[in-house]
Amino acid sequence: MTKIALLNSVEHQPLKVITERGAAYGDNLWFTPTFPLEFRSVQAQYPIFFHKDQQTGKLYPVALFGFSHQENLFLQSNNWQHSYIPLSVLRLPFLIGQQTVREDGVEHQQRVIHIDVEHPRVSKAQGEALFLPFGGNSPYLEQVAGMLETLHFGLQDSQQFVEQLLALELLEAFALDVQLDDGTKHQMIGFYTINEDKLKALSAEALTALHQRGYLQAIYMALASQSNIRNLLKLKNQLLQQAAG
Amino acid sequence: MDNPIRSLVIVGGGAAGWITAGLLAAEHNADQGVLAAIPKLTISLIESPDVPIIGVGEGTWPSMRLTLQKIGIGETEFLLCCDASFKQGSKFIHWRGQTAANRSFPDSYIHPFSLPIGQQELNLCPFWLPHQQDVAFADAVCQQFQLAELGLAPKQISTAEYSFINNYGYHLNAGKFSQLLQKHVTEKLGVRYIADHVTAIHSQQNGDIASLSTKSHGEISGDLFIDCSGSRSMLLGEHLQVPMISQQQVLFNDSALAVQMPYPTADAAIASCTHATAQSCGWIWDIGLPTRRGIGHVYSSAHLSDDAAEQQLRRYLTADFGASAASSAEFRKLSFAPGHRALCWKNNCIAIGMAAGFIEPLEASALALVEWTAKALSSQLPANRAVMDIVAARVNKVFLQHWQQIVEFLKLHYVLSQRADDDYWYEHRESSSIPTSLQDALQLWRYQVPSAMDISHSDVLFPAASYQYVLYGMGFQTQLSGSQKPSLQRKAQQLFNENIQRIQTLKQVLDDNRSLLQKIRQHGLPTI
């Protein structure tokens, strides 16, 4: 269940947020949204593909953690096996909201922090405090605010990135076929990747336009990230061995 | 005689003219939607500025998806511009007629656009026959039956443009459709649009059309002329004197009353199929667009007066819209001569659309035939005048095959009826009104199910599955001799079960038609 509320220091004064990792806290994710501005960190560890939002049909880049629903191979007991955790995971249970405010008689949109008070990370007993005992934001909350701000602009940029890719027909569906050490075969569908033939055939103008926005680099980082599939396979096979042994 | 074919002149706008212009230009003058620097063909379309477009064909076949894609119009743009919704088939209501023997079965069935499951491996029909008391044929072999009945969309918001979960065509606003096509074809595909009246047609010595005189654009010459002038058939019929072949002795309907009705509420469900409800001397169509319902009564003027036809239509409207809306509705009267020209291509002139023929819209074949003829022309466009007659002969042959199949397939709907409320239905069942080849097929189908063998040519409009859907939807009895092989029976059982499972899964994940159209308005469909 989720219950989204506008974060405020009165109602939410006593709340804390658990920052440990674990399936119990909703970290058993197959994949999570990412965006070009964090590709450099993400591609070091996770494969980057594209996936469709089931509610809108829009494509967005994702960092892949496993081969099936609720499988995060990087999660072992209460430990996330890698140093970089994508911002869209790290920011939980917080969300970015929009609020209309009137300033000098003019209405404008302001970004505000929302919290899912029903999220398993939210606690009154343990975790990081959100507010200081006598008012004011805790350093943790300040950190969260910065993270949400980065995520907000990152996702906006990501949308434009995807629109550019689509306009240049650089995305294509693919099926990932994997064979595990125990001989079982799995096919993962519903993901999209860069069409390298189309990329090679791009005109100089198109390449320049991509480069100027930093998207050319993002494209190559996404391509390079595919080798991380091997790491995922290794982790999966280790799990199978442990289960068998 | 070996003049190259470079200049094409289309007479008449409307969907037929613009689809033809679009397919020709996309095939010959553009590469992946980008107009060539030096287009191979010059394509002009002349349309009389004050001739109203007859809004026939508000329903399309799934082939329209490919046609639009070829022309280069995005599906999101098309859906929004043309008030279009998804059509997954036709639903026939009260066609069978109630008798003492069949009273316990519902008198309605669906002819869905999807083929039976496992069609490539196995003809499921013989394996369904023993279960015909328990489950309708379309329900047993096709997931689309239940999903369409529930008003669920044939795809999801994440399904790419023109891709599907269940096969579909469209219901659309024909006027807006022509406008979108015109805009796209003139702006993106370089087709020249001439709004003018054709005042005279000039011939060459061999009978070919040399040029057309227009009121204010002077004389317009061309190598090939395409007659999309509607039922007037200005070039092929009037000028080249290609005669009509009437089909009224087989299919009696020659009149229609049409009306557009707003939905009773803004969020009313949009039906997934064209509804065709049988009446005493014809039937009523009912087509749900997002914005309104298009409803009409098509009937035989020899059997029913216009007044009586109007009464029946008002009675139909009363059930859904209430007595006051029904009594104040204003109808548009249309008359047509059911039939087609003896040829569609003579000399250097090919007719497409109503200029080549028209029949009651029972299976919405009008636009499908436009698409077929335009594609045939575009893909076989003769290089020069010397070889044109060879291509024309080929196209004419298939044109007549298609017409024969359309006439016989439509007739099938009437022949199988047990309605007894008017002479109309008895006369439809008299053997003198039934084409011989259809009589033969019906004889065969008493002992074997329809198969591809029953259709004498390839590139068919209606596959064997269509005959199965109609025959068994109407309660036709086929007595097979002997039993089926056990291995095939197991395979069939597997397919029946798979069908049931797919229905269960898809019921959970598909939106209703209106919700999906709303999402498309908001987000657009993905292009991949």
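Residues numbered from 1 in each chain as written. Chains lettered and ligands numbered in written order. Predicted model: local features only at pLDDT ≥ 70, side-chain atom pairs only at ≥ 80, totals over all residues.

> Explanation requested: the overall build of chain A in the structure shown.
A count of helices and strands for chain A gives seven helices and 13 strands. Principal-axis analysis of the C-alpha atoms places the extent of chain A at approximately 60 × 55 × 30 Å. Per-residue burial for chain A yields a buried fraction of 26% across its 245 residues. Expressed as a percentage of contacts within chain A between residues at least 6 apart in sequence, the contacts between residues at least 24 apart total 70%. (Helix = DSSP H or I, 4+ residues; strand = E, 2+ residues; numbered from the N terminus. Buried ≥ 20, exposed ≤ 12 C-beta atoms within 10 Å, placed from the backbone. Contact = placed C-beta atoms within 7 Å.)

> I keep staring at the overall build of chain B and nothing clicks. Help me out?
Along chain B, the regular secondary structure elements total 17 helices and 23 strands. Taking 528 residues into account, the globule formula puts the C-alpha radius of gyration at 24 Å, and chain B, at 23 Å, falls close to it. Each of the three principal axes of chain B carries a C-alpha extent, and together these read 65 × 60 × 55 Å. Within the span of chain B, comprising 528 residues, buried residues form 46% of the whole. Within chain B, residue pairs in contact and separated by at least 24 positions form 76% of the contacts whose partners lie at least 6 positions apart. (Rg over C-alpha atoms; globule rule 2.2 N^0.38 Å.)

> Would you mind going over unusual backbone geometry with me for this structure?
Peptide bonds are trans in most cases, and residues, glycine excluded, mostly fall at negative phi. In this structure, the amide linkage connecting A:Leu92 to the following residue, A:Pro93, adopts the cis form with an omega of 10°. Residue placement: A:Pro93 occurs in the loop between α2 (87-90) and β8 (94-103). Although it is not a glycine, B:Asp83 adopts a positive phi angle of roughly 50°. The topology assignment puts B:Asp83 in the loop between α3 (75-81) and β5 (85-87). Positive phi, normally seen in glycine, also occurs at B:Ala364, with a value near 50°. With respect to the element layout, B:Ala364 can be found in the loop between β23 (357-358) and α11 (365-379). Using a count of 21 C-beta atoms within 10 Å as the deciding quantity, one classes B:Ala364 as buried.

> Quick question: what am I supposed to make of the sheet that holds strand β20 (residues 339-341) of chain B here?
Adjacent strands of a sheet pair through backbone hydrogen bonds, lying either parallel or antiparallel. Residue and element names in this part refer to chain B. Taking strand neighbours across the sheet as the criterion, the three strands line up as β14-β20-β23 in an open arrangement whose pairing is antiparallel. In this open sheet, the two strands that pair with only one neighbour each are β14 (244-246) and β23. Of the pairings in the sheet, the one linking β20 to β23 comprises two bridges and is antiparallel in character. From the neighbouring strand, Gly 339 faces β23, where its bridge partner is Phe 358. (Pairing = 2+ DSSP bridges.)

> Sorry if this is basic, but what is going on with the domain arrangement of chain B here?
One widely used convention gives an interface's size as the accessible area the parts lose upon coming together. Residues and elements named next belong to chain B. Split by domain assignment, chain B resolves into domain 1 (7-83 + 172-245 + 340-403), domain 2 (88-162 + 435-507) and domain 3 (255-335). Computed over C-alpha atoms, the centres of domain 1 and domain 2 are 35 Å apart. Tallying the contact residues gives twelve residues for domain 1 and seven residues for domain 2. Elements with a minimum of two residues in the side of domain 1 that touches domain 2: α2 (63-71), α3, α11 and α12 (388-415). It is α12 that contributes the most residues to the side of domain 1 that touches domain 2, three residues altogether. (Domains from an automatic or database assignment.)

> Would you take a moment to explain the pairing of strand β12 (residues 171-179) of chain A for this structure?
The side chains of a regular strand alternate, residue by residue, between the two faces of the sheet. As paired strands, β12(A) and strand β13 (residues 185-194) of chain A are joined by eight bridges and run antiparallel to one another. Within β13(A), the residue paired with A:Phe174 across the bridge is A:Phe191.

> Got a minute to help me understand the sheet that holds strand β15 (residues 255-262) of chain B in this structure?
All names here are of chain B. Judged by pairing direction, the sheet is mixed, and its seven strands sit side by side in the order β7-β6-β16-β17-β18-β15-β19 without closing on themselves. At either margin of the open sheet sits one strand with a lone partner, and together these are β7 (108-112) and β19 (332-335). Strand-to-strand twist of the sheet, defined as the mean angle between neighbouring strand axes without regard to direction, takes the value 20°. Note that β15 and β19 share four bridges and pair antiparallel. Looking across to β19, one finds that Ser 255 is bridged to Ser 335. On top of the sheet, helix α15 (residues 464-473) reaches β6 (89-93) and β7; it is set at about 175° to β7, its chief contact. (Axes fitted to C-alpha atoms, helices over the stretch in contact; angles between N-to-C directions.)

> Got a minute to help me understand helix α6 (residues 215-224) of chain A in this structure?
Because each turn of an α-helix spans 3.6 residues, side chains separated by three or four positions in sequence point in the same direction. Listed as buried for α6(A) are A:Tyr215, A:Ala218, A:Ile219 and A:Ala222. Viewed along the axis of α6(A), the buried residues span an arc of 100°, placing them on a single side of the element. (Arc of directions from axis to C-beta.)

> It is not clear to me how the nonpolar core should be interpreted in this structure. Could you clarify?
Nonpolar side chains tend toward joint burial in soluble globular proteins. Core analysis: the largest hydrophobic core is formed by 144 residues, its most contacted members being B:Val11, B:Ala15, B:Ala21, B:Ala138, B:Ile226, B:Ile352 and B:Val370. Discounting chain neighbours no more than four positions away, the residues touching B:Val370 are B:Ala15, B:Ala16, B:Ile19, B:Ile352 and B:Gly353. A:Phe65, A:Phe74, A:Phe161 and A:Ile219 belong to the second-largest nonpolar core, a separate cluster that totals 28 residues. (Core = buried A, V, L, I, M, F, W, Y, C linked by C-beta atoms within 7 Å.)

> Which parts of the structure should I look at to understand the packing of helix α1 (residues 14-28) of chain B against helix α7 (residues 174-187) of chain B?
Residues and elements named next belong to chain B. Their axes nearest at 9 Å, the elements α1 and α7 cross at an angle of 30°. Considering their axes alone, α1 and α7 lie roughly parallel with respect to each other. In this structure, the crossing between α1 and α7 has a hand that is left-handed. The segment α1 lies against α7, with Gly 14, Ala 15, Trp 18, Ile 19, Ala 21, Gly 22 and Ala 25 engaging Ala 174, Phe 177, Ser 178, Leu 181, Gln 182, His 184 and Val 185. A breakdown of the residues in the contact of α1 with α7 according to their chemical character gives nine nonpolar, five polar and no charged. (Parallel < 35°, antiparallel > 145°, perpendicular 65-115°, else oblique. Left-handed = near helix turned anticlockwise from the far one by under 90°. Nonpolar A, V, L, I, M, F, W, Y, C, P; charged D, E, K, R; others polar.)

> It is not clear to me how the UniProt feature "active site" (unreviewed entry) in chain B should be interpreted in this structure. Could you clarify?
Residue and element names in this part refer to chain B. Mapped onto this numbering, the UniProt entry gives "active site" (unreviewed entry) at Lys 87. Structurally, Lys 87 is set in strand β5. Owing to 28 C-beta atoms within 10 Å, Lys 87 belongs among the buried residues under this scheme. In this structure Lys 87 touches Gly 59, Thr 60, Tyr 168, Gly 169, Tyr 170, His 171, Cys 273 and Thr 274, once residues within four positions along its chain are discounted. (UniProt positions renumbered as here; feature names shortened; annotations may be inferred.)

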